[in-house]
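# Coordinate analysis (summary)
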Amino acid sequence: MVRPDQLIIFGASGDLTARKLIPALLHNFVAGALPRPIQVIGVSRSERTSEAWREGLRSSLPPALAEAFVDFAPRLHWVRADVAQRAQLQHLHEVLDRLAGPEPDTVGRLYYLALAPQLFGPVVACLDAEGMLTCAPDAQQGWRRVVVEKPFGTDLPSARALNQELLSYLREDQLFRIDHYLGKETVQNLLSFRFQNTIFEPLWTRQHVESVEISVCETVAMEGRRGAYYDGAGALRDMVQNHLLQILALIAMEPPGSLQADDVRNEKVKVFRALRQIPAEQIARDVVRAQYAAGPARDRGYLEEEGVAPGSETETYVAIRAAIDTWRWSGVPFLLRTGKALHKRFTEVVLNFRTPPIDLSGQAPTDACPLRPNTLRLRIQPHEGVVWSFLVKEPGAGMEMRMAELGFDYADLGVSQIPDAYQRLLLDALEGTSTLFLRGDEVEAAWSFIDTIRAGWEATDAPIHTYPAGSPGPEPADALFHGCEGSWSYGP
Ligand SMILES: NC(=O)c1ccc[n+]([C@@H]2O[C@H](COP(=O)([O-])OP(=O)(O)OC[C@H]3O[C@@H](n4cnc5c(N)ncnc54)[C@H](OP(=O)(O)O)[C@@H]3O)[C@@H](O)[C@H]2O)c1
């Protein structure tokens with residue numbers, strides 16, 4: 001008999017559950033992708049019945065999923081509990097055992113902590129005290145796993161303390177730290193594209209690549225009450241520490257021995273450890289921070305937003321010229337940028353290949369090539385795909401050159417909708433595959449790089465620039481390209 005899995009969502013009355021987790025589960029259910037039958041147990045302090053929870057979710061679903069929800073709904077159950085109170089977990093434990101049937105110890109349980117991060121430690125401590133985490137290493141049945149959402153710490157000391165706390169109750173193989181960017185189809189493709197093809201890898205070195213740009217540009221600003229959360233975080237901690245550094249690691253890492261979790265994560269950690277720490281005296285040269293001001297896209301600037309402290313120095317934009325001290329990447333700048341209230345929403349990686357040493361077309365007044373012929377653009381969102389650019393001869397007399405492109409678009413695969421990141425991540429967590437989740441040392445190594453930048457800001461009077469909402473960002477960020485050809489990509 002196939003035992004069901006139990007997915008227990010703590011914080012199930014919240015935004016993440018309704019907007020991401022339930023739709024992702026439902027898509028997997030419709031696609032027949034769930035590895036086993038599933039029971040979903042929603043938990044929070046709110047008093048409600050299972051029927052009321054189902055009805056609330058149904059009304060928030062997109063119409064395309066409403067029909068499938070009819071079959072899925074009976075698998076959803078509500079339990080009221082303050083999960084930071086051990087006594088209240090006893091009742092939950094009893095309900096889980098009852099739903100599991102005759103042999104509850106053989107049923108796998110995935111506890112998803114869709115909760116504020118300060119609850120991660122106390123909740124895991126209560127689960128442990130109740131005996132709800134006990135399972136053998138690599139158990140095929142009766143496994144117990146915990147998923148924690150971002151942010152994982154706010155700096156290196158807090159991340160280290162959280163790792164120590166959680167790992168005093170769980171083994172590393174039971175702990176799944178999410179960075180949902182790794183669940184994105186196009187981010188996973190960075191690995192496949194590099195390591196399942198032979199033609200790109202020989203070019204993927206300092207001999208051929210002059211610079212690498214990684215951009216996560218957003219048009220959203222501080223909608224609703226988001227300002228209150230964001231003001232305590234900022235672009236560096238909210239986006240660079242996790243999403244941008246994860247993309248950087250996938251672009252810069254050496255080929256892993258396999259796609260097994262530890263092989264991939266070992267290589268990523270090596271990249272983070274090779275990231276050169278930016279000393280305080282270079283912070284203003286290598287890192288540009290800024291806040292949006294009122295502009296074409298918004299009638300108020302960051303400092304006028306609800307929940308933002310008066311005179312706040314929190315950055316809504318950051319651009320970094322990072323260096324990776326490895327044989328492969330020595331001397332190649334990695335230019336990272338992210339910001340809110342920008343001109344376009346897009347995420348992409350651009351490899352700028354070196355320009356030819358001389359210009360044989362004779363168009364340039366100097367020996368320098370007037371155009372950068374070769375870039376490789378990996379579009380993560382939107383218009384997911386890959387674009388190579390190169391020069392071709394303009395037909396006719398002479399040697400006039402023009403840019404041309406070869407492109408691949410995910411839409412050409414006939415896939416109507418690329419699966420959401422949470423679909424893949426939930427499946428992997430249910431299967432116990434942790435390649436797309438973060439290991440503790442990875443998170444700590446990433447924080448170490450970020451903390452040095454923050455310390456540099458605190459130790460110096462590095463300016464906080466402004467940029468008009470709806471613009472491509474502050475002009476001083478262009479200076480990060482010093483010594484290289486080119487400037488920031490404008491996006492698709
Ligand atoms: N929303 C997103 O898109 C998103 C994206 C990335 C990461 N995250 C992360 O995901 C986590 C959840 O985010 P969210 O946006 O869903 O937060 P949220 O909307 O504030 O929901 C959190 C839920 O936790 C419940 N809760 C609080 N204390 C509890 C306790 N002691 N016992 C049981 N339930 C408790 C609350 O429900 P009651 O008041 O009913 O108890 C609340 O509904 C956070 O760590 C966040 O940083 C969210």
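Residues numbered from 1 in each chain as written. Predicted model: local features only at pLDDT ≥ 70, side-chain atom pairs only at ≥ 80, totals over all residues. Heavy atoms only, no water.

## Observations regarding the overall build of the protein chain
Under the convention used in this document: Starting at the N terminus, helices and strands are each numbered in turn, a helix being any DSSP run of H or I of at least four residues and a strand any DSSP run of E of at least two. Radius of gyration here is computed from C-alpha atoms only, and the compact-globule reference equals 2.2 Å multiplied by the residue count raised to the power 0.38. The cut-offs for exposure are 20% and 50% of the maximum accessible area for each residue type, with area from a 1.4 Å probe on protein chains only; residues under the lower value are buried, those over the upper are exposed, and the others partly exposed. Residue contacts are defined here by distance: any two heavy atoms, one from each residue, within 4.5 Å place the two residues in contact.
Helices and strands together make up the secondary structure of the protein chain, namely 13 helices and 15 strands. By the compact-globule yardstick of 23 Å for 492 residues, the protein chain fits well, its C-alpha radius of gyration being 24 Å. Projected onto its principal axes, the C-alpha coordinates of the protein chain cover approximately 80 × 50 × 45 Å. Burial status across the protein chain gives 53% buried among its 492 residues. Considering only contacts within the protein chain whose residues lie at least 6 apart along the sequence, 76% involve residues at least 24 apart.

## Notes on helix α9 (residues 235-252)
So the rule is basically this: For a helix, the expected span equals 1.5 Å multiplied by the residue count minus one. One axis fitted to the seven residues ending at a residue, another fitted to the seven starting there: the angle between these axes is the bend at that residue.
Over its 18 residues, α9 extends only 22 Å from the first C-alpha to the last, a length that falls short of the 26 Å expected when each residue adds 1.5 Å. In α9, a bend of some 35° at Q241 exceeds every other bend along the element. Counting buried positions over the 18 residues of α9 gives 18, a clear majority of the element.

## Here we look at the pairing of strand β4 (residues 109-113)
This is how it is decided: Whether two strands pair comes down to DSSP finding at least two bridges between them.
For β4, the tally of buried residues reaches five of five residues, placing the bulk of the element in the interior. Note that strand β1 (residues 5-10) and β4 share five bridges and pair parallel. Considered in β4, the bridge of L7 is made with L110. Of the pairings in the sheet, the one linking β4 to strand β5 (residues 144-148) comprises five bridges and is parallel in character. Note that in β5 the partner of Y111 across the bridge is V146.

## Section: the sheet that holds strand β15 (residues 464-468)
Definition in use: Axis definition: a line fitted to C-alpha atoms, over the contacting stretch in the case of helices. Angles run 0 to 180 degrees between N-to-C directions.
Strands sit in the order β14-β13-β12-β11-β7-β10-β9-β8-β15 across an open sheet of nine strands; the sheet is mixed. Edge positions in the sheet fall to β14 (401-409) and β15, since each has one partner strand and no second. For this sheet the average axis-to-axis angle between neighbouring strands, irrespective of direction, equals 20°. Two elements, strand β9 (residues 317-322) and strand β10 (residues 334-339), share six bridges in a ladder whose sense is antiparallel.

## Describing the domain arrangement of the protein chain
This is how it is decided: Start and end positions for the domains come from either an automated domain assignment or a database one. Buried area counts how much accessible surface, traced with a 1.4 Å probe, disappears from two parts once they are put together, with both parts' losses summed. A side-chain nitrogen of Lys or Arg and a carboxyl oxygen of Asp or Glu constitute a salt bridge if their distance falls within 4 Å. Three classes are used: nonpolar for Ala, Val, Leu, Ile, Met, Phe, Trp, Tyr, Cys and Pro, charged for Asp, Glu, Lys and Arg, and polar for all others, with Gly counted as polar.
By the assigned domains, the protein chain splits into domain 1 (5-149) and domain 2 (182-481). Between the C-alpha centres of domain 1 and domain 2 the distance comes to 34 Å. Both faces considered, domain 1 and domain 2 share a buried interface measuring about 1300 Å² in area, 68% of it formed by carbon and sulfur atoms. Scanning the region where domain 1 abuts domain 2 turns up two salt bridges. Note that K20 is salt-bridged to D420, the shortest N-O span being 3.4 Å. For the side of domain 1 that touches domain 2, the element with the highest residue contribution is helix α1 (residues 15-30), accounting for seven residues. When its residues are assigned to classes, the side of domain 1 that touches domain 2 shows 13 nonpolar, two polar and five charged.

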